[in-house]
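This is what each chain is made of:
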Amino acid sequence: MKLFLNLTFSCVIFLTLHVSAQESQPWQIDFRTDIFSLYLWRGDQLGDAPAIEPEICLTKGNFGFSIWAATTFNDSYNEIDIILNYRVLPFLNISFYDY
């Protein structure tokens, strides 16, 4: 999981520099990280330690691509999701998840 976090931060830095160099293209990069006391999914506790959930989103126009992950601090649970997104209307998105 440490390798994933290192790669994630490296990609964010690289993409930010790359996008800054090409300001004529309207790319948007968002990065966020959540920390939780436990990882819960649909009411079930997965893992037995606090969890961190980083996410990177890259969007251009109506298209979006995200990588979301979750891991506990003791590696009792790990997950990586890839999400493709298309905004049909301002209030309607079509998303494809691979998890």
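Here the residue numbering is sequential within each chain, running from 1 through the sequence in written order. The predicted nature of this model means local features are confined to residues of pLDDT at least 70 and side-chain atom pairs, given and counted, to a pLDDT of 80 or more, with totals for whole chains, interfaces and linings taken over all residues. Side-chain metrics in this entry use all non-hydrogen atoms of the structure; hydrogen atoms and water are not considered.

Colleague: Pulling in residues and values, what's your account of the overall build of the chain?
Modeller: What the chain contains, in helices and strands, is one helix and seven strands. Out of the 99 residues in the chain, the part that is buried amounts to 25%. Using the Shrake-Rupley algorithm and a 1.4 Å probe, accessible areas are obtained, with residue cover drawn only from the displayed protein chains. A total accessible area of about 7100 Å² is found for the chain, and carbon and sulfur atoms account for 61% of it. Helix and strand definitions here come from DSSP, where helices need a minimum of 4 consecutive H or I residues and strands a minimum of 2 consecutive E residues; each element is numbered from the N-terminal end. Throughout, exposure labels follow a simple rule: accessible area from a 1.4 Å probe, protein chains only, divided by the maximum for the residue type, with under 20% read as buried, over 50% as exposed, and the rest as partly exposed.

Colleague: How would you summarise the pattern of salt bridges if you had to cite specific residues and measurements?
Modeller: Pairing of side chains with opposite charge becomes possible as their charged atoms draw close. When a carboxyl oxygen of Asp or Glu lies within 4 Å of a side-chain nitrogen of Lys or Arg, that pair is called a salt bridge. Per the counting criterion, the structure on display carries two salt bridges. As a salt-bridge pair, Arg-32 and Glu-55 come within 3.5 Å of each other at their nearest N and O atoms. You can see Arg-32 sitting in strand S1 (residues 27-36) and its partner Glu-55 sitting in strand S4 (residues 51-60), a full 23 residues away along the chain. Note on Arg-32: relative accessible area 46%, which makes it partly exposed. Taking the relative accessible area as the measure of exposure, Glu-55 reaches 14% and is therefore buried.

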